[in-house]
Amino acid sequence: MGQEAHHHHALPTSAADAAGAGASAPAASRIFTAGLVAAWYASNIGVLLLNKYLLSVYGLRFPIFLTACHMSACALLSTLAHAAGPGSSGSSTPARRRSRGQLARVAVLGAVFCASVVAGNVSLRYLPVSFNQAVGATTPFFTAVLAYAVAARREAFATYAALIPVVAGVVIATGGEPSFHLFGFIMCVGATAGRALKTVLQGILLSSEEEKMNSMDLLRYMAPVAVILLVPATLIMEREAFGVVATLAREDPNFIWILLCNSSMAYFVNLTNFLVTKHTSPLTLQVLGNAKGAVAVVVSIMIFRNPVTFMGMLGYGITVAGVVLYGEAKKRSK
């Protein structure tokens, strides 16, 4: 019996060992994690601010074109990283043949992903980054609603209750946003819902063991799909984009570098996101994510000097508090 009991205990040790290793981690790994988080913050906030800069300040009014650049860079860099070595790109699985059904599912994810990124970039044209981030913080609300709608996955009551401040905060922030723009707001909500839908669909479509894909593998398949969708969309809806880009490039040689830097950073956002997820616990990730939103808001206000009101900041604060509560409630209900 002793043998049996001992054995039973031995099962979940990998998690415990990992936790132990995390706690008593040598300085090197702590520095590595800190560096990762710093890179994650820098690339995330950098892309956000550069997007805003290009779309609003620079007069590159072409969110679909911008997203196409980002996705092309992601497709290129993730393919290169994969070719360079399976280890380096964060993909551990050997390249198995993907079934056609799976590729179709990944294409659906790619389309959702692509639509949400475009919507987000469209919203940046009309809204300040600070407000864009406040709306973006409501992702857990959309995830919970969509998980219920799509997969009939229920959460505990407390978890839903925690979502009230998440939404209330944005409602307050909306009332207090001096630069409010309805179309931009709708696009921003659409982008947030799209991100949540991608998360939910990813959980469902790629849930079976043989279809499990990590996010870098997924990006490698999704980015080309996105490019295939976005290039025609750019040609149809933003036909003048290429001419304007050519003109901007002639007028300002730095422009192309900014665009290239912005596009390759879009890949690093995904890479660092994946690595931070891999090297920290989900809870740490949530805390870091909330803090990242707050940092983005502060930095963007300092750079773009968009007017902010007490109401707007209060609303944002309430939303972040709601997200924290939501994380707690979810953890408790498990």
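Keep in mind it's a predicted model, so treat the numbers as computed, not measured.

A. View of the pattern of salt bridges. Under the criterion given, the structure shown has 4 salt bridges. Between Asp-217 and Arg-220 there is a salt bridge, and its shortest N-O distance comes to 3.0 Å. Of this pair, Asp-217 and Arg-220 both sit in helix α11 (residues 215-237), separated by 3 residues, roughly a single helical turn. For Arg-220, a relative accessible area of 14% corresponds to the buried category. For the salt bridge of Arg-332 with Glu-328, the shortest nitrogen-to-oxygen distance reads 3.6 Å.

B. Highlighting the packing of helix α6 (residues 129-136) against helix α14 (residues 282-304). Running from amino to carboxyl end, α6 crosses α14 at an angle of 165°, the nearest separation of the two axes being 8 Å. With respect to α14, the element α6 is oriented roughly antiparallel. You can see that α6 and α14 cross each other, and the crossing is left-handed. Within the contact between the two elements, α6 uses Val-129, Ser-130 and Gln-133 and α14 uses Gly-293, Ala-296, Val-297, Ser-300, Ile-301 and Phe-304. Among the residues making up the contact of α6 with α14, the classes are represented as 5 nonpolar, 4 polar and no charged.

C. Structural context of the side chain of Thr-319. Topologically, Thr-319 is positioned in helix α15 (residues 310-333). In this structure the side chain of Thr-319 is engaged in a polar contact, spanning 3.1 Å, whose partner is the backbone nitrogen of Val-170.

D. A nonpolar patch on the surface, seen in detail. Together, Val-231, Leu-235, Ile-236, Met-237 and Phe-242 line one region of the surface with nonpolar side chains, adding up to about 500 Å² of accessible area. Broken down by element, the nonpolar patch gets its largest block of residues, 4 residues, from α11. Here Leu-235 lies in helix α11.

Basis of the calculations
- In this numbering scheme, every chain counts its residues from 1 along its sequence in written order.
- Totals for whole chains, interfaces and linings use every residue, but because this is a predicted model, local features are given only for residues with pLDDT of at least 70 and side-chain atom pairs only at 80 or more, for both listing and counting.
- Note: side-chain values were computed over all heavy atoms of the structure, leaving out hydrogens and water.
- Whenever Lys or Arg places a side-chain nitrogen within 4 Å of a carboxyl oxygen from Asp or Glu, that contact is recorded as a salt bridge.
- Per the convention used, a helix needs a DSSP run of H or I reaching at least four residues, while a strand needs a run of E reaching at least two, with both numbered from the N terminus.
- Type-normalised accessible area, obtained with a 1.4 Å probe on protein chains alone, sets the label of each residue: buried when under 20%, exposed when over 50%, and partly exposed for intermediate values.
- All axes are obtained by fitting lines to C-alpha atoms, using only the stretch in contact for helices, and the reported angles, taken between N-to-C directions, cover 0 to 180 degrees.
- Convention used here: angles under 35 degrees read as roughly parallel, angles over 145 as roughly antiparallel, angles from 65 to 115 as roughly perpendicular, and any remaining angle as oblique.
- The crossing is said to be left-handed when, going from far helix to near helix, the turn is anticlockwise and less than a right angle, and right-handed when the turn is clockwise.
- Between two residues, a contact is recorded if the distance between any of their heavy atoms is within 4.5 Å.
- Gly is put with the polar residues, along with every residue not named as nonpolar or charged; the nonpolar set is Ala, Val, Leu, Ile, Met, Phe, Trp, Tyr, Cys and Pro, and the charged set is Asp, Glu, Lys and Arg.
- Pairs of N or O atoms are called polar contacts if they sit within 3.5 Å, as long as, within protein, a hydrogen donor faces a hydrogen acceptor (for residues adjacent in sequence, only side-chain-to-side-chain pairs).
- A patch consists of residues exposed above 30% relative accessible area that lack any salt bridge, with like charges linked at up to 9 Å and nonpolar side chains (Val, Leu, Ile, Met, Phe, Trp, Tyr) linked at up to 5 Å.
- Throughout, the Shrake-Rupley method with a 1.4 Å probe supplies accessible areas, and for residues the shown protein chains are the sole cover considered.

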